[in-house]
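Descriptive structure summary
What follows is the residue order along each chain.
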Amino acid sequence: MTMDFNQHVIDRFRAGRGQVGPPFEDARLLLLTTTGARTGTPRTTPVGYLLDEDPDRLYVIASAGGSPRHPDWYHNLRKNPRVTVETGAFTYEADARVLEGAERDRVFARAAEADPGWARYETASGRTLPVVALEAAGPPAPGTARPGEGLKLVHDAFRRELAVIRAEVAASGGGLGAQLRINCLAFCRGLSHHHGMEDAHLFPHLDRQYPEIAGVMARLRREHEEMARLLAELQQLLTGDHLDRAALSAEVDRLTAEVEAHLDYEEENLIPVLDAMAP
């Protein structure tokens, strides 16, 4: 990608808080900021990423679009492994670790199974594409100081991930690859964590400050319980020995409808309350 195109994507990513649009609307994209190996100045690059079983780890692949040379960001993090990751909803520091041997081969095989484009890039490049783990090195900072807007950013990230998963399930054919299983399980884990944080911290605070919305809070808690049941059913389906793609597709569609209705209701009722509070 040219520098001008990169900057265009960066600008759209930040303006849209993680939403870029065509041709990346169905892609997992983040902004990776490294420290220049020779200049020592920050350099930001949009890159695709893979989810992992560990919620504090992501993977990026130094494909450079099939170029015979490693991308600059790869050389930068080899010298300065502390990087910054922007997801749209959050920004956090991470430590970059280049995978070696069997670990690298296992993750790359997973990526190529999910998207054959990675294998085509490797063939075109004539090199072994490096795979880099980005391991969170600190707590994430929200993308905004306004709590209502912050809630919307997190919700939109869940919406985008659900849309990508539905497209992946539809394109998976008769089987279900390892990466798609991980993507589905990561979504379940992330939504469960989000609801757990709300139940433990946000909701009790709103109970105390705004007793007049007790009915809204009761409904949201009931919906959390229902979605916990749906997530448990999906996880059980994903960890079974014989996964039926049609059953998975139906389960993901059912979960999507429930989640989107819940997020819409929560935003309608809580964003005005949250934005009335001090940051």
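Residues numbered from 1 in each chain as written. Predicted model: local features only at pLDDT ≥ 70, side-chain atom pairs only at ≥ 80, totals over all residues. Heavy atoms only, no water.

**Some points on the overall build of the chain**
Here is the rule: The way it works is that DSSP assigns letters per residue, a run of H or I at least four long becomes a helix, a run of E at least two long becomes a strand, and they are numbered from the N terminus. For each residue, the accessible area found with a 1.4 Å probe, counting protein chains only, is set against the maximum for its type, and the residue is called buried under 20%, exposed over 50%, and partly exposed in between. Here, two residues are considered to be in contact whenever any of their heavy atoms come within 4.5 Å of each other. Residue-level accessible areas treat just the shown protein chains as cover; the underlying method is Shrake-Rupley with a 1.4 Å probe.
Across its full length, the chain holds 8 helices and 8 strands. Projected onto the principal axes, the alpha-carbon positions of the chain cover approximately 65 × 45 × 30 Å. Expressed as a percentage of the 279 residues in the chain, the buried residues total 43%. Across the chain, the fraction of contacts at a sequence separation of at least 24, relative to all contacts at a separation of at least 6, is 69%. Put simply, the chain shows about 14000 Å² of open surface, and 53% of that area lies on carbon and sulfur atoms.

**Describing the pairing of strand β2 (residues 42–48)**
Each regular strand shows side chains that alternate between the opposite faces of the sheet. What counts, and what does not: The criterion for strand pairing is that DSSP finds at least two bridges linking the strands in question.
Bridge analysis of strand β1 (residues 29–35) against β2 gives 7 bridges, and the strand direction is antiparallel. Each residue of the ladder has a partner; that of T35, found in β2, is P42. A loop of 6 residues connects β1 with β2, the two strands running antiparallel in sequence, and G40 in this loop sits at a positive phi of about 75°.

**Details of the side chain of T84**
Positionally, T84 belongs in strand β5 (residues 82–86). Take T84: its relative accessible area is 19%, and that puts it in the buried class. Other than its neighbours up to four places away in sequence, T84 contacts L31, L32, T33, T91, Y92 and E93.

**Notes on helix α6 (residues 178–209)**
Definition in use: To estimate how far a helix should reach, multiply one less than its number of residues by 1.5 Å. Fitting axes to the seven residues ending at a residue and to the seven starting there, one defines the bend at that residue as the angle between these axes.
The terminal C-alpha atoms of α6, which comprises 32 residues, lie 45 Å apart, in line with the 46 Å expected from a rise of 1.5 Å per residue. Taking the largest bend as the criterion, α6 deviates by roughly 45°, centred on D199.

**Things to note about helix α3 (residues 101–114)**
Since the α-helix packs 3.6 residues into each turn, any two residues three or four apart lie on the same face. Counted at 1.5 Å a residue, the expected span for α3 with its 14 residues is 20 Å, and the 20 Å between its end C-alpha atoms agrees. Here α3 has its buried residues at R104, V107, F108, R110, A111 and A112. Lining the buried residues of α3 we find β3 (50–51), β4 (57–61), α4 (117–125), β7 (131–136) and α6.

**A short note on the packing of α6 against helix α8 (residues 245–276)**
Rule in force here: Inter-axis angles, ranging from 0 to 180 degrees, are taken between N-to-C directions of lines fitted to C-alpha atoms, where helices are fitted over the stretch in contact. Any angle that is under 35 degrees is reported as roughly parallel, and any over 145 degrees as roughly antiparallel; angles of 65 to 115 degrees are reported as roughly perpendicular and all others as oblique. The sense of a crossing depends on the near helix, which, turned anticlockwise from the far helix by less than a right angle, makes the crossing left-handed and, turned clockwise, makes it right-handed. Amino acids are sorted into nonpolar (Ala, Val, Leu, Ile, Met, Phe, Trp, Tyr, Cys and Pro), charged (Asp, Glu, Lys and Arg) and polar (every other residue, Gly among them).
Interaxial distance between α6 and α8 falls to 14 Å at its minimum, and their mutual angle equals 30°. In terms of orientation, α6 lies roughly parallel with respect to α8. Of the two possible hands of crossing, α6 and α8 adopt the one that is left-handed. Where α6 abuts α8, its residues F187, L191, H195, E198, L202, F203 and L206 lie against L255, V259, H262, E266, L270, V273 and L274. Residue classes in the contact of α6 with α8 are distributed as 10 nonpolar, 2 polar and 2 charged.

**Structural notes on the packing of aromatic side chains**
Selection rule: Note on aromatic pairs: the rings of Phe, Tyr and Trp (six-membered ring only in Trp) are paired at centre separations within 6.5 Å, and the planes decide the class, stacked below 30 degrees, edge-to-face beyond 60, tilted for the rest. Ring-over charges, as used throughout, are those where CZ of Arg or NZ of Lys falls within 6 Å of the ring centre and within 35 degrees of the ring normal.
One pass over the full model with this rule turns up 3 aromatic pairs. Taken together, a centroid distance of 6.3 Å and an interplanar angle of 45° make the contact between F5 and F24 tilted. With F5 in helix α1 (residues 3–15) and F24 in the loop between α1 and β1, this pair connects stretches of sequence that are 19 residues apart. The side chain of R104 reaches across the aromatic face of F108, ending 4.4 Å from its centre. It is R219 that lies over the ring of Y265; its NZ or CZ is 3.6 Å from the centre.

**Some thoughts on unusual backbone geometry**
Looking along the chain, the bond that leaves P22 and enters P23 is cis, with omega of 0°. Looking at where P23 falls in the secondary structure, it is placed in the loop between α1 and β1. Phi angles above zero are rare outside glycine, and A64 is one such case at about 50°. Position of A64 relative to the elements: it lies in the loop between β4 and α2 (72–79).

**Observations concerning the environment of T39**
Short version of the rule: For this analysis, a polar contact is any N or O atom pair within 3.5 Å, provided that within protein one partner can donate a hydrogen and the other can accept it, and provided that sequence-adjacent residues contribute only side-chain to side-chain pairs.
Structurally, T39 is set in the loop between β1 and β2. Distance from T39 to N76, taken between C-alpha atoms, is 9.7 Å for residues 37 residues apart in sequence. Side chain to side chain, T39 and T41 meet in a polar contact 2.8 Å long.

**Points about the nonpolar core**
Rule in force here: To qualify as a nonpolar core, a set must consist of buried Ala, Val, Leu, Ile, Met, Phe, Trp, Tyr and Cys residues joined through side-chain atoms within 4.5 Å.
F187, L234, L238, L248, L255 and V259 are the most contacted members of the largest nonpolar core, which totals 24 residues. Looking at this core, the elements that each hand over two or more residues are α5 (147–170), α6, α7 (214–238) and α8. Here this core gets 6 residues from one element, more than from any other, and that element is α5. If we ignore the near neighbours within four places in the chain, the residues touching V259 are L162, L191 and M227.

**Some words on the environment of D156**
The residue D156 is located in helix α5 in this model. You can call D156 buried: its relative accessible area is 11%. Taking C-alpha positions, D156 is 8.5 Å from A89, a pair spaced 67 residues apart along the chain. Among the polar contacts made by the side chain of D156, one reaches the side chain of R159 at a distance of 2.8 Å.

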